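Breakdown of the fold
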Amino acid sequence: MELHRGRLIDHVQLVVRDLAASRRFYEAVLQALGVPIGGVGEDFFWADELFVSSADSRAAQGKLTGRHHLAFQARDHATVEAFYKAGLAAGGTDNGAPGERPYHPGYYAAFLLDPDGNNIEAVHHGPHTRSVASVKITF
């Protein structure tokens, strides 16, 4: 098995009301970002650091998670725009169209609300260099 991880977050779990609606939304926006769904089960799915389950899943405690803000990395402005369009087409709600934000020079982002009202962002931080695409974990 092989996993790819970032530096700070190992994983985030969202417990959602309608797993099928959430899967349609996340498959669409993650495909736009170039991130495949890593696995699925009857009551969950996951991709990289994101784990999404239904409230009746063994992975949950029977309660929906509250509103969260998740920001996904995008490789360029076009990817931010593709994320936004894919998310709207898959049932997301506009929460901020693609554009420059005042957080720092070069911050280009779009925001969508997922089917449970979570604020989901794709951001490109402007020209930069990465040391590696991800941390590779093999076991």
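Residues numbered from 1 in each chain as written. Predicted model: local features only at pLDDT ≥ 70, side-chain atom pairs only at ≥ 80, totals over all residues. Heavy atoms only, no water.

An unreviewed UniProt entry lists the protein chain under the name VOC family protein, with Mesorhizobium calcicola given as the organism.

1. What about helix α1 (residues 19–33)?
End to end, α1 covers 20 Å across 15 residues, agreeing with the expected 21 Å (1.5 Å per residue, within 8%). Among the residues making up α1, those that are buried are Leu19, Ala21, Ser22, Phe25, Tyr26, Ala28, Val29, Leu30, Ala32 and Leu33. Between the side-chain oxygen at the start of α1 and the backbone nitrogen of Ala20 there is a gap of 3.2 Å, and the oxygen is on Asp18. Immediately beyond the C-terminal end of α1, within one or two residues, lies Gly34, with a positive phi of roughly 80 degrees. (Helix = DSSP H or I, 4+ residues; strand = E, 2+ residues; numbered from the N terminus. Expected span 1.5 Å × (residues − 1). Buried < 20%, exposed > 50% of the residue type's maximum accessible area, 1.4 Å probe, protein only. Polar contact = N/O pair within 3.5 Å; in protein donor to acceptor, adjacent residues only side chain to side chain.)

2. Some words on unusual backbone geometry
One non-glycine residue, Asp48, adopts positive backbone phi at about 45 degrees. Tracing the backbone shows Asp48 in the loop between β4 (44–47) and β5 (50–54). Residue Asp48 is classed as partly exposed on the basis of its relative accessible area of 29%.

3. So, the nonpolar core
In this structure, Tyr26, Phe72 and Phe83 are the most contacted members of the largest nonpolar core, which totals 24 residues. Tallying contributions element by element places α1 first for this core, with seven residues. Residues contacting Tyr26, with those up to four places away along its chain left out, are Leu14, Gln31, Phe45, Leu50, Phe72, Asp114 and Ile120. (Core = buried A, V, L, I, M, F, W, Y, C linked by side-chain atoms within 4.5 Å. Contact = heavy atoms within 4.5 Å.)

4. Some remarks on the packing of aromatic side chains
One pass over the structure, following the stated rule, counts four aromatic pairs. Between Tyr26 and Phe45, the aromatic rings sit 6.4 Å apart at their centres with planes inclined by 45 degrees, giving tilted as the arrangement. Here Phe45 lies in strand β4 and Tyr26 lies in helix α1, a separation of 19 residues in the sequence. This pair shows no difference in class: Tyr26 is buried, exactly as Phe45 is. Members of the aromatic cluster, connected to one another through ring pairs, are Phe25, Tyr26 and Phe45. (Phe/Tyr/Trp six-rings, centres within 6.5 Å; stacked < 30°, edge-to-face > 60°.)

5. Considerations on the layout of surface pockets
The volume enclosed by the largest pocket comes to roughly 1,200 Å³. Lining the largest pocket are 33 residues, with Gly6, Glu49, Phe72, Gln73 and Arg130 sitting closest to its centre. Listing elements by their share of the lining of the largest pocket, those giving two or more residues are β1 (2–5), α1, β6 (69–73) and β10 (119–124). By residue number, the principal contributor to the lining of the largest pocket is β6, which donates five residues. Within the lining of the largest pocket, the residues separate by chemical class into 16 nonpolar, 11 polar and six charged. (1 Å grid on protein atoms, 1.4 Å probe; cavity = no way out; pocket = protein on both sides within 12 Å on 5 of 7 lines; lining within 4 Å. Points joined across faces, edges and corners; volume = space filled by probe spheres on them. Nonpolar A, V, L, I, M, F, W, Y, C, P; charged D, E, K, R; others polar.)

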